[in-house]
Amino acid sequence: MVQSSLDIQTIRKDFPILNRKVNGKPLVYLDNAATSQTPQQVIDAIVEYYHGYNANIHRGVHTLSQEATDAYEAARHKIQHHFSIAKSHEVILTSGTTHSINLVANGFSSFLKKGDEILVSAMEHHSNIVPWQMLCERTGGVLKVIPMNQNGELIMEEYHALLSEKTKLVFCNHVSNALGTINPIEEIIEAAHKVGAAVLIDGAQAAAHIKPDLQALDVDFYTVSAHKMCGPTGVGILYGKEEWLKKLPPYQGGGEMIEEVTFEKTTYADLPHKFEAGTPNICGGIAFGAALDYMNSIGFEAIAQYEDELIRYATDELLKIDGLRIYGTAAQKTSVISFNIEGIHPYDIGTILDKLGIAVRTGHHCAQPIMDFYQIPGTVRASFSFYNTKEEVDVLVEGVKRSKNMLA
């Protein structure tokens, strides 16, 4: 295996929070699938905005408003370039992936009719299940599930069998937040399009590890949250093909999304403003652009190579612990390890790890159907980023061993 070229210790200096202690122990932050940490470069962009040009955007003629507008729209163009999006107005800035998915689900209420079918995968986050259930309740649509196997991989033969002329929408995460599985979205998109179905891919977990080319994927919708990739919370994007965004009705009404308003009739603004009602998270959008600049300065190929090295090491070391089982053993996966120790509740392990300064996630990870599939209450989830180290993996392993000895 080729060793990573990243200078991890230099990178770690960019993240102030990694210097703190928790319960008197150095912080080992392994909850990146929930929220990644924020480098100083992004923090500086946030401070600069509020310190220097805090103002509302698009409608002001004064200098601060123009500066804020320019910075916000520059961030939109950075997002467009990063994800290889054809047109900047196909980038809708939202509060995050959940907002983006609900925007699309609400819009499809206008198109879906009784008996139409929509497909979701068995390994979805609740935010990519509940909105579609609500859509089916409103329209009489039928929700069908693409099953998974014990390795945490979708059973693609079953997916192809489920597709039919009744299929109108297909929804799947690019990467499972609970298992780390990288789903075969190219095959999913191509097959769905053959039966005339639209496809939304939830990219929240993928975007920090994989740099997707959305034009090459030919996906209809793709969603991302900034806080998963070194950006701030409360901001994300919905990418949508222009043809679809023009068809969908507005999700919210208010300022910014209008062309003309009278008491008799309102006409709507052009894309992207049609879907961006009200004052947006201006600082968040600008900081998202700064986060993309930062991650691209490191390089996604180098990040992927290093994280693969890290997860392989962590997997090998954790599996040396008797009674430990990893859930999600797909051939293609990113840096998530979900595990349990036989006879011990994951919450109890997580509590002891926290006392040792180790931050992991416990529970069903907003993916309860996955836990029901494995017939477990939840897992301990350690999720890694490019600023984590093998030494931190060693601390985790020792912490899990200590937890086992205390609880068994």
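See the structure shown above.
Draft legend 1. Seen up close, the pairing of strand β8 (residues 198-202). Among the five residues that make up β8, five are buried, leaving the element largely enclosed by the rest of the structure. Two elements, strand β7 (residues 167-173) and β8, share five bridges in a ladder whose sense is parallel. By the bridge assignment for β8, Val170 is matched with Val199. Read as a crossover between parallel neighbours, the route from β7 over helix α7 (residues 185-194) to β8 is right-handed. Relative to strand β9 (residues 221-225), β8 is paired through three bridges, and the arrangement is parallel. Bridging from a neighbouring strand, Asp202 pairs with Thr223 of β9.

Draft legend 2. View of the pattern of salt bridges. As enumerated under the stated definition, the model contains 15 salt bridges in all. In this structure, the salt-bridge partner of Arg76 is Glu276, at a minimum N-O distance of 2.9 Å. Residue Arg76 is located in helix α3 (residues 63-82), and its partner Glu276 is located in the loop between β12 (266-268) and α10 (282-298); the two are separated by 200 residues in the primary sequence. Both residues of the pair, Arg76 and Glu276, belong to the buried class. Linking Lys113 and Asp116 is a salt bridge whose minimum nitrogen-to-oxygen distance equals 3.6 Å. Through salt bridges with shared partners, a single ionic network connects Asp31, Arg361 and Arg381.

Draft legend 3. Representation of the sheet that holds strand β13 (residues 324-327) within the structure. Overall, antiparallel pairing links the four strands, which are arranged β13-β14-β17-β16 in an open sheet. The sheet terminates laterally at β13 and β16 (361-363), the two strands that pair on one side only. Neighbour-to-neighbour, the strand axes of this sheet turn through a mean angle of 30°, independent of strand direction. Where β13 meets strand β14 (residues 336-341), four bridges bridge the pair, whose relative direction is antiparallel. From the neighbouring strand, Ile326 faces β14, where its bridge partner is Phe339. Where helix α11 (residues 300-318) meets the sheet, it contacts β13 and β14, and its direction lies at approximately 10° from that of β14. The strands touched by helix α12 (residues 346-355) are β14, β16 and β17 (379-383); relative to β17, the strand with the most contacts, the crossing angle is about 45°.

Draft legend 4. Spatial organisation of the sheet that holds β8. Pairing within the open sheet is mixed, and its seven strands lie in the order β4-β10-β9-β8-β7-β5-β6. The outermost strands of the open sheet, each flanked by one partner alone, are β4 (91-94) and β6 (142-146). Each adjacent strand pair in this sheet contributes to an overall mean axis angle of 20°, direction not counted. With four bridges connecting them, β4 and strand β10 (residues 236-240) associate as antiparallel partners. Across the sheet, Val91 pairs through a bridge with Tyr239, a residue of β10. Along the sheet face, helix α4 (residues 97-108) touches β4, β7, β8, β9 and β10 and points at about 150° away from the line of β9.

Draft legend 5. Structural detail: the environment of Gly24. Within the secondary structure, Gly24 sits in the loop between β1 (21-22) and β2 (25-26). Look at Gly24 and you get exposed, because its relative accessible area is 59%. Between the C-alpha atoms of Gly24 and Leu318, which are 294 residues apart in sequence, the distance is 24 Å.

Draft legend 6. Looking closely at the side chain of Lys228. One can find Lys228 in the loop between β9 and β10. If sequence neighbours within four positions are ignored, Lys228 has contacts with Ala33, Ala34, Ser36, Ala204, Gln205 and Ala208.

Draft legend 7. Looking closely at unusual backbone geometry. Here Leu271 and Pro272 are connected by a cis peptide whose omega angle stands at 0°. For Pro272, the position within the fold is in the loop between β12 and α10. Backbone geometry at Ser84 places phi at a positive 55°, although glycine is not the residue there. Mapped onto the secondary structure, Ser84 falls in the loop between α3 and β4. For Ser84, a relative accessible area of 25% corresponds to the partly exposed category. Phi is positive for Gln375, which is not a glycine, with a value near 60°.

Draft legend 8. Representation of the environment of Gly254 within the structure. By the secondary structure assignment, Gly254 is in the loop between α9 (242-247) and β11 (258-261). Note: C-alpha distance between Gly254 and Gly278 (24 residues apart in sequence) is 5.8 Å.

Draft legend 9. Expanded view of the packing of α10 against α11. For the pair α10 and α11, the least separation of the axes is 6 Å and the interaxial angle reads 70°. As judged from the angle between their axes, α10 and α11 are roughly perpendicular. Contact residues: Met295, Asn296 and Ile298 in α10; Phe300, Ala302 and Ile303 in α11. The residue makeup of the contact of α10 with α11, split by class, is five nonpolar, one polar and no charged.

Criteria and thresholds
Each chain has its residues counted from 1, following the order in which its sequence is written. Side-chain atom pairs in this predicted model are given and counted only at pLDDT of 80 or more, local residue features only at pLDDT of at least 70, and totals for whole chains, interfaces and linings cover all residues. Water and hydrogen atoms play no part in the side-chain values, which are based on all heavy atoms of the structure. The buried label applies to any residue whose accessible area, calculated with a 1.4 Å probe on protein chains only, is under 20% of its type's maximum; exposed applies above 50%, and partly exposed to all values in between. Helical segments are the DSSP runs of H or I of at least four residues, strand segments are the runs of E of at least two, and each set is numbered from the N terminus. Strands are labelled as partners when DSSP assigns at least two bridges between them. Think of it like this: strands point away, you trace from the first strand over the helix to the second, and a clockwise trace means the crossover is right-handed. Here a salt bridge means any side-chain nitrogen of Lys or Arg lying within 4 Å of a carboxyl oxygen belonging to Asp or Glu. Axes, fitted as lines to C-alpha atoms, cover a helix only where it is in contact. Angles between the N-to-C directions of the axes lie from 0 to 180 degrees. Note on contacts: a residue pair is in contact if any heavy atoms of the two residues lie within 4.5 Å. Small angles under 35 degrees read as roughly parallel and large ones over 145 as roughly antiparallel, with 65 to 115 read as roughly perpendicular and the rest as oblique. Only Asp, Glu, Lys and Arg are considered charged in this grouping, and only Ala, Val, Leu, Ile, Met, Phe, Trp, Tyr, Cys and Pro are considered nonpolar; every other residue, Gly among them, is considered polar.

Everything listed here is a matter of geometry and, on its own, says nothing about what the molecule does.
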